[in-house]
2 protein chains.
Amino acid sequence: MSIVLASASPRRKELLEMLGVTDLKVIPATGEEVAPEGVGPEELVMALSAAKAAEVAKRCDRGDVVIAADTIVWHHGKVYGKPHSRQEAIEMLESLSGDTHQVFTGVTVMYNGHLDIQSEMSRVSFRQLNRQEIERYVDTGEPMDKAGAYGAQGKGSLFVRGIYGDFFNVMGLPLCRLGEMLNKQGVGLL
Amino acid sequence: MSIVLASASPRRKELLEMLGVTDLKVIPATGEEVAPEGVGPEELVMALSAAKAAEVAKRCDRGDVVIAADTIVWHHGKVYGKPHSRQEAIEMLESLSGDTHQVFTGVTVMYNGHLDIQSEMSRVSFRQLNRQEIERYVDTGEPMDKAGAYGAQGKGSLFVRGIYGDFFNVMGLPLCRLGEMLNKQGVGLL
C-alpha cells in the first residue's frame with residue numbers, strides 16, 4: 001500500500017511529510033478539471049478534489065490510498081485564484097486588508113473502492129495593510145503562486161491577525177480532517 | 001543593528017528565519033526567571049518575557065533589537081508546562097482531549113532604550129482523542145519538549161480541530177503582533 005498525493009503542490013507534500021508519511025508518491029492530476037457552474041464554494045472544492053482523485057486513481061493500484069485536494073479563497077461571493085499579474089496581486093491584497101475572508105478545501109480519499117469527499121472551511125482575518133507594505137510583499141514574489149495572493153506560512157504571516165479553524169486548511173490540506181478520513185479507512189498516521 | 005532572539009527555542013528561530021531575518025543572533029536568557037505569584041496568565045507571560053529581554057539586553061549593544069518571548073498553555077485555571085514524564089504527557093493530553101484551551105505568549109521588544117511588552121492569546125480546540133492514539137503520539141517523542149505536551153506543527157496537528165487566533169502564537173511567537181511591534185520601532189520586516 002502506498003499513499004498517493006494527486007497534487008503538484010509542494011506545500012501539500014511538505015505537510016504529509018511533516019506527518020511522517022515517508023512512502024509518499026506524488027502523481028499530480030494532469031487534466032484541467034472543469035469547475036461546476038452555479039454552485040457554492042463547498043460544492044466547488046469537493047467536486048474539483050473528487051475529479052482530481054478519480055483521474056489519478058486510474059493510474060494507481062486499487063490498494064493505493066489516493067489523496068486529492070482543491071483549495072480556494074472566497075471573499076465577497078467570489079473565488080480568488082492565483083494572481084495573473086503584479087497588479088492583480090496588489091488588488092487582491094487591498095481587498096483582503098482589514099477584512100475576514102474564507103478558505104475552502106475539498107479533500108477526497110480513495111482507497112479500496114471507497115470514496116470519501118469532504119470539505120473544510122477556515123476564516124482568515126487580515127490586519128489593515130498600507131499600500132507600501134502590500135507592494136513590498138508582492139515584490140518578494142511570495143504571492144504569485146498562491147490563491148488569494150498570500151501565503152499564511154511565509155511573510156504573509158505578518159498580515160494574518162487570526163485564523164478561525166484549521167490553520168493547515170489555509171495552507172491547502174486540513175490535517176485534522178484528513179487524519180480522521182484516513183482513520184476511517186483503517187490507515188493510521190500515528 | 002542586529003536582531004537578537006533572547007530564547008533557545010528552535011521553533012522561534014525558525015519562525016524569524018521564515019520572515020527573512022538573516023542576521024539573527026541567538027542569545028538565550030540564562031537566569032531562571034522567577035514567575036510572579038498570584039497573577040493571571042497574561043501578566044505572567046508578559047513579566048517572564050520582559051525579564052528575559054532585560055537580562056539579555058545587558059549583554060547587547062544599545063542599537064540591537066532584542067526580542068524575548070514566553071509561552072504557556074492555560075487550561076482550567078492552571079499552567080501546563082513541559083511534561084516531566086511519559087505519564088504526565090498522557091495526562092495532559094487526556095485533559096486537552098475534546099476541549100478548548102488557551103495559549104498565551106508574552107512578547108518583549110527592546111530597542112534604543114524603548115521597551116514594549118505585549119501579550120497574545122489564541123484558543124486551541126482538540127478533537128476527542130482515544131487512549132491508544134495518545135500513547136502512540138507520546139511514543140513519537142514529540143510532546144516532551146513542548147508546553148502542554150503537543151506541537152501544533154507536527155503530528156500534533158492531527159489533534160487540533162481548530163485555532164482561534166494567531167497560529168504562530170501557538171508555536172511560540174505571534175508573528176503578526178511582533179511585526180507591528182517592530183514597525184512601531186521603525187524596524188520593518190518587509
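Analysis parameters
Residues numbered from 1 in each chain as written. Chains lettered and ligands numbered in written order. Predicted model: local features only at pLDDT ≥ 70, side-chain atom pairs only at ≥ 80, totals over all residues. Heavy atoms only, no water. Phe/Tyr/Trp six-rings, centres within 6.5 Å; stacked < 30°, edge-to-face > 60°. Helix = DSSP H or I, 4+ residues; strand = E, 2+ residues; numbered from the N terminus. Buried < 20%, exposed > 50% of the residue type's maximum accessible area, 1.4 Å probe, protein only. Least-squares fit on C-alpha atoms with pLDDT ≥ 70 in both. Contact = heavy atoms within 4.5 Å. Polar contact = N/O pair within 3.5 Å; in protein donor to acceptor, adjacent residues only side chain to side chain. Axes fitted to C-alpha atoms, helices over the stretch in contact; angles between N-to-C directions. Parallel < 35°, antiparallel > 145°, perpendicular 65-115°, else oblique. Left-handed = near helix turned anticlockwise from the far one by under 90°. pLDDT = per-residue confidence, 0-100. Buried area = accessible area lost by both parts, 1.4 Å probe. Salt bridge = Lys/Arg side-chain N within 4 Å of Asp/Glu carboxyl O. Nonpolar A, V, L, I, M, F, W, Y, C, P; charged D, E, K, R; others polar. Pairing = 2+ DSSP bridges.

The next subject is the packing of aromatic side chains. On inspection of all chains with the given rule, the structure shows 11 aromatic pairs over all chains. With centroids separated by 3.7 Å and ring planes inclined at 0°, the aromatic side chains of Phe167(A) and Phe167(B) adopt a geometry described as stacked. Residue Phe167(A) is found in helix 5 (residues 167-171), and its partner Phe167(B) is found in helix 5 (residues 167-171); the two belong to separate chains. Like Phe167(A), the residue Phe167(B) is buried in the burial classification. Joined through ring pairs, the aromatic side chains of Phe126(A), Tyr137(A), Tyr150(A) and Phe159(A) make up one cluster.

At an RMSD of 0.0 Å, chain B and chain A line up after a rotation of 180° and a shift of 0.0 Å along the axis. On the angle and the small slide along the axis, the relation comes out as a two-fold axis. Minimal C-alpha separation from the rotation axis in chain B is found for Tyr164(B), amounting to 2.3 Å. Most of the interface of chain B is mirrored in chain A, where 100% of its interface residues are also at the interface.

Mapped onto the secondary structure, Arg12(B) falls in helix 1 (residues 10-18). Polar side-chain contacts of Arg12(B) include one of 3.0 Å to the side chain of Ser7(B).

Residue and element names in this part refer to chain A. Relative to the assigned elements, Asp64 resides in the loop between helix 2 (41-57) and strand 3 (65-75). Note on Asp64: relative accessible area 6%, which makes it buried. Only 3.4 Å separates the side chain of Asp64 from the backbone nitrogen of Ser2, close enough to count as a polar contact.

With that settled, the discussion passes to the packing of helix 3 (residues 86-96) of chain A against helix 4 (residues 131-139) of chain A. All names here are of chain A. Between helix 3 and helix 4, the shortest axis-to-axis distance is 10 Å and the interhelical angle comes to 135°. The angle between helix 3 and helix 4 places the two elements in the oblique class. Taken as a pair, helix 3 and helix 4 cross one another with a handedness that is right-handed. Between helix 3 and helix 4, the residues in contact are Arg86, Ala89, Ile90, Leu93 and Glu94 and Arg131, Ile134, Glu135, Tyr137, Val138 and Asp139, respectively.

Chain-level statistics for chain A give a pLDDT mean of 94 and a share of 100% at 70 or above. Predicted complex metrics record ipTM = 0.91 and pTM = 0.93.

Time to look at the environment of Ser85(A). All names here are of chain A. As for its position among the elements, Ser85 is in the loop between strand 4 (78-80) and helix 3. Using a relative accessible area of 32% as the deciding quantity, one classes Ser85 as partly exposed. Remark: the alpha-carbon pair of Ser85 and Leu158, spanning 73 residues in sequence, is separated by 22 Å.

Here the focus is unusual backbone geometry. Phi at Ala149(A) takes a positive value of approximately 70°, unusual for a residue other than glycine. Within the secondary structure, Ala149(A) is located in the loop between helix 4 and strand 7 (160-165). Positive phi is not limited to glycine here, since His76(B) has a value of about 50°. Within the element layout of this structure, His76(B) appears in the loop between strand 3 (65-75) and strand 4 (78-80).

A separate point is the interface of chain B and chain A. Each partner contributes to the interface: chain B provides 32 residues, whereas chain A provides 32 residues. Considering only the side of chain B, the residues that lose the most area to chain A are Leu158(B), Cys176(B) and Leu190(B), jointly responsible for 27% of the buried surface there. Our count for the chain B to chain A interface comes out at 2 salt bridges. Between Glu180(A) and Arg161(B) there is a salt bridge, and its shortest N-O distance comes to 2.8 Å. Between chain B and chain A we count 8 residue pairs in polar contact (both at pLDDT 80 or more) in total. Secondary structure elements with two or more residues in the side of chain B that touches chain A: helix 4 (131-139), strand 7 (160-165), helix 5 and helix 6 (175-184) of chain B. Considering only residue class, the side of chain B that touches chain A consists of 15 nonpolar, 9 polar and 8 charged. As paired strands, strand 7 of chain A and strand 7 of chain B are joined by 3 bridges and run antiparallel to one another.

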